[in-house]
Amino acid sequence: MKILTVVGARPQFIKLAPLSKILRENGVNEIIVHTGQHYDENMNDLFFKELEIPEPDYNLGIGSGNHGEQTGKMLIEIEKIILKENPDLVIVYGDTNSTLAGALAASKLHIKLAHVEAGLRSFNKRMPEEINRVLTDHVSDILFCPTQTAVENLKNEGITKGVYLVGDVMFDALLHFSKISDMKSNILERLNIKPKEYYLATIHRAENTDDHERLKNILTAFSKMNEIVVFPIHPRTRKMINYYGLGDLLENDNIKLIDPVGYLDMLKLEKNAKSILTDSGGVQKEAFWLKVPCITLRDETEWIETVNLGWNRLVGSDVEKIVEAVRDLKFGVDVSFENDFSAKKMYEILLELKDKLD
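Below or above, wherever it landed, is the structure these notes cover. Everything numeric here is computed off the predicted structure, so don't read it as measured data.

**Overview of the overall build of the protein chain**
Secondary structure assignment for the protein chain yields 17 helices and 13 strands. Computed over the C-alpha atoms, the radius of gyration of the protein chain is 20 Å, within 12% of the 21 Å expected from 2.2 N^0.38 for a compact globule of 358 residues. C-alpha extents for the protein chain along the principal axes are approximately 60 × 45 × 40 Å. Across the 358 residues that make up the protein chain, the buried fraction comes to 60%. Contacts spanning at least 24 positions in sequence make up 70% of the contacts within the protein chain whose residues lie at least 6 apart. As displayed, the protein chain has an accessible area near 15,300 Å², and 49% of this comes from carbon and sulfur atoms. Of the side-chain charges in the protein chain, 44 are positive and 55 negative, and the distance between the mean point of each set is 1 Å.

The structure is reproduced here in structure tokens:
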């Protein structure tokens, strides 16, 4: 079996790691295509090294750009690679422009397509990620769902064929790399902070970074928290803060602005934070699994289970709601997690379908 995998952003590298490992251990010929959507070394090369992922067979180096331009460039180059490699299956992950480009290229060339993390919905079509995930699901042949809610979402859209509930491959990664993080990461010492005496913040989604008022409100809330806020700043977020002239809001002594960190350092920061403020779907999940209260800087979430179980609080970009959530920090119900070996389940399903894919 020959599989072509398309990735381009940090969360996709994390999802790729467990599945790629099991594919290669079982002799599957996997070709990795990195679109270059994340091109900062700390968000790219370091992640590949830490996650023990082989160097990509193709690095397209597309970089940033408007959605149409970026997706179009990726589509053109991925199509060339598919025609050259002639894989039995293309695998895409998540909900980025890389996901959509890989999905469109495969479906138009009549190559079987698998979507890892299928069925997620925010029901907000102003989000580019929502458009990407809906379109990808509707052209996929194999849909690997992380939750029962995701399965139900697909059913409501008339998608029932090729749908598999496999659990969350990010949980596989977290369990494995969390132990390594404990041994190898010294990020707390480097930042001179102590466990449970700081908040961790991440912002990267366009709905926040590209909206002046939302970004201003979120940064204002950080400055009003009177708590240590460790803020690894995404390159796009830094760019937009400079563009809007909001840098003065980060000059408060309570904000520790740092460059993006690798996965091991990020896990160490997450598990030792008093709480996490984020607009990242992946970080919401990791906070939930690590039993760290999460304050989500969005008006909705694809991971509704984290809200229903009390570990996640949606506050949008409202200054007072953010500050209130920090003051009134709440823990959710005690939930136990068992590794569902999502990557192993996906491999076994692909093995069963092998004759149909070849």
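**Some words on the sheet that holds strand E8 (residues 199-202)**
Paired through backbone hydrogen bonds, the strands of a sheet run either parallel or antiparallel to each other. If you walk across this open sheet you meet the six strands as E10-E9-E8-E11-E12-E13, and the pairing is parallel. Of all strands in the sheet, those bounded by a partner on one side alone are strand E10 (255-258) and strand E13 (312-314). Across the sheet, the axes of successive neighbouring strands diverge by a mean angle of 20°, strand direction being ignored. For strand E9 (residues 229-232) and E10, the ladder comprises four bridges, and the chain directions are parallel.

**Observations regarding the pattern of salt bridges**
Counted according to the given criterion, the structure contains 27 salt bridges. Glu130 is paired through a salt bridge with Arg133; the nearest N and O atoms lie 2.4 Å apart. Remark: Arg133 and Glu130 occur in helix H5 (residues 128-139); sequence separation between them is three residues, near one turn of the helix. Judged by its relative accessible area of 2%, Arg133 is buried. Connected through salt bridges with shared partners, the residues Asp95, Glu130, Arg133, Glu207, Arg298, Glu300 and Glu302 form a single ionic network.

**Digging into the sheet that holds strand E6 (residues 142-145)**
Spatially, E3-E2-E1-E4-E5-E6-E7 is the arrangement adopted by the seven strands of the open sheet, whose pairing is parallel. Edge positions in the open sheet fall to strand E3 (58-59) and strand E7 (163-165), since each of these has one partner strand only. Pairing of strand E2 (residues 29-34) with E3 involves two bridges; the strand directions are parallel. Residue pairing in the sheet places His34 in a bridge with Asn59 of E3. Contacts from helix H16 (residues 342-352) reach strand E1 (2-7), strand E4 (89-93), strand E5 (112-116), E6 and E7, with the element oriented near 160° to E6.

**Digging into helix H15 (residues 319-327)**
Inspection of H15 places Val319, Ile322, Val323, Ala325 and Val326 among the buried residues, and these make up the whole buried set. Projection of H15 onto a plane perpendicular to its axis shows the buried side chains occupying an angular sector of 160°, all on one side. Considering only its buried residues, H15 is in contact with E8, helix H10 (212-224), strand E11 (275-278), strand E12 (294-296) and E13. Measuring from the side-chain oxygen of the N-cap residue of H15 to the backbone nitrogen of Glu320 gives 3.0 Å; that N-cap residue is Asp318.

**Topic: the side chain of Glu302**
Locating Glu302 in the fold gives a position in the loop between E12 and helix H14 (304-308). Engagement of the side chain of Glu302 in a polar contact is seen with the side chain of Arg298, the distance being 2.6 Å. Residues contacting Glu302, with those up to four places away along its chain left out, are Leu120, Arg121, Ser122, Met127, Arg133 and Arg205.

**Side note on the environment of Ile62**
Inspection of the secondary structure puts Ile62 in the loop between E3 and helix H3 (67-85). Overall, Ile62 belongs to the buried group, its relative accessible area being 15%.

Calculation notes
Residues numbered from 1 in each chain as written. Predicted model: local features only at pLDDT ≥ 70, side-chain atom pairs only at ≥ 80, totals over all residues. Heavy atoms only, no water. Helix = DSSP H or I, 4+ residues; strand = E, 2+ residues; numbered from the N terminus. Rg over C-alpha atoms; globule rule 2.2 N^0.38 Å. Buried < 20%, exposed > 50% of the residue type's maximum accessible area, 1.4 Å probe, protein only. Contact = heavy atoms within 4.5 Å. Areas by Shrake-Rupley, 256 points an atom, 1.4 Å probe, with all protein chains shown as cover. Lys, Arg positive; Asp, Glu negative; His and termini not counted. Charge placed at Lys NZ, Arg CZ, Asp CG, Glu CD. Pairing = 2+ DSSP bridges. Axes fitted to C-alpha atoms, helices over the stretch in contact; angles between N-to-C directions. Salt bridge = Lys/Arg side-chain N within 4 Å of Asp/Glu carboxyl O. Arc of directions from axis to C-beta. Polar contact = N/O pair within 3.5 Å; in protein donor to acceptor, adjacent residues only side chain to side chain.

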